[in-house]
Structure formats: structure tokens, C-alpha cells
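Read off the chains here:
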Amino acid sequence: MKKQNAGFTLIELMIVIAIIGILAAIALPAYQDYTVRAKVSEGAIAASAIKVGVTEMFADDGQDGIARYNIEIAADQANINTDKISGITVDGTNGTIAVSLAGIAQLTAGNQTLVYVPTIGNVALSNANSAGSVEWACNTAATTIEAKYLPASCR
């Protein structure tokens, strides 16, 4: 009785290596984009707390409340900044929040700002426009981060 050799042929091994190479070529860029998106989401999470503050201050005292909250946020930058967030500003007139990101190598200089614009009925916040729910948009022209790196709610 003749014993057959068991194992893989060279061609089978080469095909497996080629398939692994193709999968790695597709998965690596997608993973890199995912990690940048996760870093950018740190700014979105920080902005969510600021959004609550803007909404509450506007509900309590209108534009004067937003102006006071702007001063409060400006004075507390040392506690807001992280290795990914270099600053957060609140526009004292209409409540627009701008989150400046840093320390993310994939974001080019000048393209590191995530901006949230509040509106009521698609009109900017003002004392004359204070009835209704505040809605936040971050997919505006003021947001300079590439769309592929933005959180899902901003794309």
C-alpha cells in the first residue's frame, strides 16, 4: 500500500497569502479612518455637555444667558482641554459651539474644527425666536473636518 503525502501545495499557500494581502489592503485604511473618527468623537462628546448648558441658559435667560455661559466656558478652558481638544468656544450671541481639535495627525492644519449651530425652527436663537425645541446641526460649512472623519450624526 502506497502512502500519499499530506499537506498543502505551494500554489495553495500562495493563494492563501494573496487573499490575506488583499483583505489587509482593504481593512487597514478602513481601520485607520475608524480610529480618527473615534478621536474626533471625543470633541462631539465634549460638545454634547456644552449643548445642554447653552440650551438651559437660553431657556432661563435668553441671549443674556448665552452671553454669560460664553464667559463661563472661556474661563474654564483649563478643565475642558484634553490631548485631543485644544479649546471650545461658545458664541455669546447665538450659542454656536466650536470645538477645536489637536493632536490628531490625520487632520490637516486648518481642518480641525467641529461646529454645532443651534436653531429653533431653522432660525438662529434670539430673544424673538425662543419658542420651540432647540435643534443642533454640525454638518454646516463652518465645520472644517473632512466628512469621512465626522461622527455619524454629522455626516
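Details of unusual backbone geometry
Negative phi characterises most residues that are not glycine, and trans characterises most peptide bonds. For N122, which is not a glycine, the phi torsion comes out positive at approximately 65 degrees. Within the secondary structure layout, N122 lies in the loop between β3 (113-120) and β4 (123-124).

So, the pairing of β3
Put simply, side chains in a regular strand alternate between the two faces of the sheet. The element β3 is largely enclosed, with a buried count of six among its eight residues. As judged from the four bridges shared by strand β2 (residues 97-101) and β3, these two strands associate in the antiparallel manner. Its bridge partner being in β3, V99 is matched across the sheet by L114. Taken together, the three bridges between β3 and strand β5 (residues 135-137) define a ladder with antiparallel strand orientation. Counterpart to T119 in the pairing with β5 is E135. Here two bridges tie β3 to β4, and the two strands are oriented antiparallel to one another. In the strand pairing of β4, I120 is matched with V123. Joining the antiparallel neighbours β3 and β4 is a turn of two residues, in which G121 adopts a positive phi near 60 degrees.

Comments concerning the pairing of strand β1 (residues 85-90)
The sheet contact formed by β1 and β2 spans five bridges and is antiparallel. In the sheet register, I85 faces β2, and the bridge partner there is L101. Here β1 folds back onto β2 in antiparallel fashion, the turn holding six residues, of which G95 has a positive phi close to 80 degrees.

Concerning the state of the cysteines
Enumeration according to the criterion identifies one disulfide in this entry. A disulfide bridge connects C138 with C154, and the sulfur atoms are separated by 1.7 Å. Sign of the S-S torsion, about -120 degrees for the bond between C138 and C154, identifies this disulfide as left-handed. Taken together, the positions of C138 in the segment after β5 and C154 in the segment after β5 put the pair 16 residues apart, joining distant regions of the chain.

Conventions adopted
- Residues numbered from 1 in each chain as written.
- Predicted model: local features only at pLDDT ≥ 70, side-chain atom pairs only at ≥ 80, totals over all residues.
- Heavy atoms only, no water.
- Helix = DSSP H or I, 4+ residues; strand = E, 2+ residues; numbered from the N terminus.
- Buried < 20%, exposed > 50% of the residue type's maximum accessible area, 1.4 Å probe, protein only.
- Pairing = 2+ DSSP bridges.
- Disulfide = S-S within 2.5 Å.

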